[in-house]
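Overview (structure and organization)
This is what each chain is made of:
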Protein chains: 2
Amino acid sequence: MNEKHQIFYETSLKLVYKKGFKATTMRDLAEEMGCDVSNIYNYIDSKQSLLEEILFNINDLFQEGIDLIRCSDYGPIDQLKQVVRLYVNLSIERPLELSLLTNEWRNLKGEKLELFISEREKFEHKVKSIIREGMRKKVLIEMDLKLATFLFLSALRLLFDKYALTENPFNKIELERQINRYIFQGFTNNSK
Amino acid sequence: MNEKHQIFYETSLKLVYKKGFKATTMRDLAEEMGCDVSNIYNYIDSKQSLLEEILFNINDLFQEGIDLIRCSDYGPIDQLKQVVRLYVNLSIERPLELSLLTNEWRNLKGEKLELFISEREKFEHKVKSIIREGMRKKVLIEMDLKLATFLFLSALRLLFDKYALTENPFNKIELERQINRYIFQGFTNNSK
DNA sequence: GTCTATAATTCGATAGAC
DNA sequence: GTCTATCGAATTATAGAC
């Protein structure tokens, strides 16, 4: 990936985030790059391959992250806190890619779509296995495993929205601390 | 809205949910309806107006719901539990519309897009005011108000995904109970 | 690498006969 | 309400000159 490709990659990210993949035309990309439509095909093979590149790049970071966490010596709760950290870090550092990951994957086609879905399930399954272990050890509350995995991940999955465009009031450490307290201790104040 | 319009409306919902609004063509809709493309314009004015109708219909249900909750006599936590119930009910009864609400609103244009965004902010503001009151009364934990609102809503916002396609293991009451416990008491088991 | 020009297709929408 | 036929615009992508 040379320099021009890199510039094109980041320009594409911004535009697709803003307008959506389907609504972003090659002409839009060319205008944003300040070149002709035909030049874009020097950097990529097709519009479709651009989406594939973006989505599988960011997917790789999640898969690497969760694998590192799972082979660590931490207990279930600390492993889940590492998952929180993974999402916080990527949401801050790569908010646009995370947005496309949740909003644009339906635009993949054929075997790429199937591959993506299976990767997504693989990731969820790994998180689920941590939660299952936490329930088995009684450090997490007993509840439907699938629902628990969904609830735990849902807050993290939309986190990018707070960082993709809006300025943010506090630093990464404080954000992580508040999210962890909300998730693990709950919303109700029991300190009284 | 006559009967044919109703059938078309529901057919559109399924197709747009499955393929996305941009990727769903008038020809796709016609094929699914078993009629010609030109017939569709007997039921709607344009493809764009179809999206507007769907999104503002479901938006109205949320606005009515949150307004009813806010003018009730319940305390902050019970009002938030009513918000959970609102999402659970709509996620079960109208999962496709909820999916479009979160995934397709970017495809609105001009003043309709602006209107939608302002409606969305209005709803969030109302939820936020309940949470603010809960923090003031010390029944909710002290934390950044914006982050708290985001975390509370994020789990509810993606709930439709569990009901749009997948079969589900437990009933509405049990689902609501488990979500409430997760949100308000937290993920950690403190019963020991 | 960059442009002009254009192919080949698909899109939303309409006119007009029945 | 339903069809046939089609318009005009927009789309992705390519060929070929420089």
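Rules used throughout
Residues numbered from 1 in each chain as written. Chains lettered and ligands numbered in written order. Predicted model: local features only at pLDDT ≥ 70, side-chain atom pairs only at ≥ 80, totals over all residues. Heavy atoms only, no water. Helix = DSSP H or I, 4+ residues; strand = E, 2+ residues; numbered from the N terminus. Buried < 20%, exposed > 50% of the residue type's maximum accessible area, 1.4 Å probe, protein only. Contact = heavy atoms within 4.5 Å. Areas by Shrake-Rupley, 256 points an atom, 1.4 Å probe, with all protein chains shown as cover. Lys, Arg positive; Asp, Glu negative; His and termini not counted. Charge placed at Lys NZ, Arg CZ, Asp CG, Glu CD. Near = heavy atom within 4 Å. Polar contact = N/O pair within 3.5 Å; in protein donor to acceptor, adjacent residues only side chain to side chain. Nonpolar A, V, L, I, M, F, W, Y, C, P; charged D, E, K, R; others polar. Least-squares fit on C-alpha atoms with pLDDT ≥ 70 in both. Salt bridge = Lys/Arg side-chain N within 4 Å of Asp/Glu carboxyl O. Domains from an automatic or database assignment. Buried area = accessible area lost by both parts, 1.4 Å probe. Phe/Tyr/Trp six-rings, centres within 6.5 Å; stacked < 30°, edge-to-face > 60°. Lys NZ or Arg CZ within 6 Å of the ring centre and 35° of its normal.

1. So, the overall build of chain A
When its secondary structure is counted, chain A shows ten helices and zero strands. Across chain A, helices and strands are ordered from the amino to the carboxyl terminus as α-α-α-α-α-α-α-α-α-α. When its C-alpha atoms are laid out on the principal axes, chain A stretches across 65 × 40 × 25 Å. The burial tally for chain A puts 53% of its 192 residues in the buried class. In chain A, once contacts between residues fewer than 6 apart in sequence are set aside, the share between residues at least 24 apart is 70%. Total accessible area on chain A is roughly 9,400 Å²; 48% of this is exposed by carbon and sulfur atoms. Looking at chain A, you have 29 positive and 29 negative side-chain charges, and the mean spots of the two groups are 6 Å apart.

2. What to know about the protein's contact with DNA strand C
Close contacts around DNA strand C come from 15 residues, with Asn-39 of chain A together with Thr-25, Met-26, Tyr-41 and Lys-47 of chain B the closest. Of what DNA strand C places within 4 Å of the protein, 52% of the atoms are sugar or phosphate. Between Tyr-43 of chain A and DNA strand C, the recorded distance is 3.1 Å, taken from a side-chain N or O atom to a phosphate oxygen. Among the residues making up the surface near DNA strand C, the classes are represented as four nonpolar, seven polar and four charged.

3. Concerning the relation of the copies chain A and chain B
Turning chain A through 180° and shifting it by 0.0 Å along the axis lays it on chain B, with an RMSD of 0.0 Å. These values place the two chain copies in the arrangement generated by a two-fold rotation axis. Minimal C-alpha distance to the rotation axis in chain A is attained by Gly-186 of chain A, lying at 1.7 Å. The share of interface residues of chain A whose copies in chain B are also at the interface is 100%, consistent with both copies meeting through the same surface.

4. Considering the protein's contact with DNA strand D
Close contacts around DNA strand D come from 15 residues, with Thr-25, Arg-27 and Lys-47 of chain A together with Lys-4 and Asp-36 of chain B the closest. Taking all atoms of DNA strand D within 4 Å of the protein, the share assigned to sugar and phosphate is 56%. Lys-4 of chain B is positioned such that a nitrogen or oxygen atom in its side chain is 2.8 Å from a phosphate oxygen of DNA strand D. Taking Asp-36 of chain B, its main chain carries an N or O atom lying 3.3 Å from a phosphate oxygen of DNA strand D.

5. What to know about the pattern of salt bridges
All names here are of chain A. Counted by the stated rule, this structure contains 22 salt bridges over all chains. The partner of Glu-93 in a salt bridge is Lys-172, with the nearest N and O atoms 3.7 Å apart. Of this pair, Glu-93 sits in helix α5 (residues 76-93) while Lys-172 is found in helix α10 (residues 172-185), placing the two residues 79 residues apart along the sequence. Across the salt bridge formed by Glu-97 and Arg-94, the nearest N and O atoms sit 2.9 Å from each other. Taking relative accessible area as the criterion, Glu-97 reaches 5% and is therefore assigned buried. Through salt bridges with shared partners, one network takes in Arg-120, Glu-124 and Arg-157.

6. Thoughts on the domain arrangement of chain A
Residues and elements named next belong to chain A. Here the domain parsing of chain A yields domain 1 (1-44) and domain 2 (48-185). Averaged C-alpha coordinates put domain 1 and domain 2 at centres separated by 27 Å. Between domain 1 and domain 2, the residue contacts involve 14 residues of the former and 16 residues of the latter. Carbon and sulfur atoms make up 72% of the area that domain 1 and domain 2 hide from each other, which totals about 1,300 Å². Of all residues in domain 1, Tyr-9, Tyr-17 and Phe-21 bury the most surface against domain 2, accounting for 54% of the area lost on that side. At the boundary of domain 1 with domain 2, the tally comes to zero salt bridges. On the surface where domain 1 and domain 2 come into contact, there are three residue pairs in polar contact (both at pLDDT 80 or more). Counting residues per element, the side of domain 1 that touches domain 2 draws most heavily on helix α1 (residues 3-19), at eight residues. For the side of domain 1 that touches domain 2, the class distribution of residues is nine nonpolar, three polar and two charged.

7. Observations regarding the packing of aromatic side chains
One pass over the structure, following the stated rule, counts 20 aromatic pairs over all chains. Where Tyr-87 of chain A meets Phe-123 of chain A, the ring centres are 6.2 Å apart and the plane angle is 70°; that geometry is what we call edge-to-face. Here Tyr-87 of chain A is found in helix α5, whereas its partner Phe-123 of chain A is found in helix α7 (residues 110-136), with 36 residues between them in sequence. Judged by its relative accessible area of 5%, Tyr-87 of chain A is buried. Through a chain of ring-to-ring contacts, three or more aromatic side chains come together here, namely Phe-152 and Phe-184 of chain A together with Tyr-182 and Phe-187 of chain B. A cation sits over an aromatic face here: Lys-47 of chain A above Phe-21 of chain A, 4.6 Å from the ring centre. Across from the ring centre of Phe-184 of chain B, 5.6 Å away, lies the NZ or CZ of Lys-81 of chain B, which sits over that ring.

8. Digging into the interface of chain A and chain B
With 47 residues of chain A at the contact, the number on the chain B side is 47 residues. Summed over both sides, the interface of chain A with chain B buries roughly 4,500 Å², with 59% coming from carbon and sulfur. Where chain A meets chain B, there are 20 residue pairs in polar contact (both at pLDDT 80 or more). Those elements giving two or more residues to the side of chain A that touches chain B turn out to be α1, α5, α6 (95-103), α8 (145-157) and α10 of chain A. By residue number, the principal contributor to the side of chain A that touches chain B is α8 of chain A, which donates nine residues. Class assignment of the residues belonging to the side of chain A that touches chain B gives a composition of 25 nonpolar, ten polar and twelve charged.

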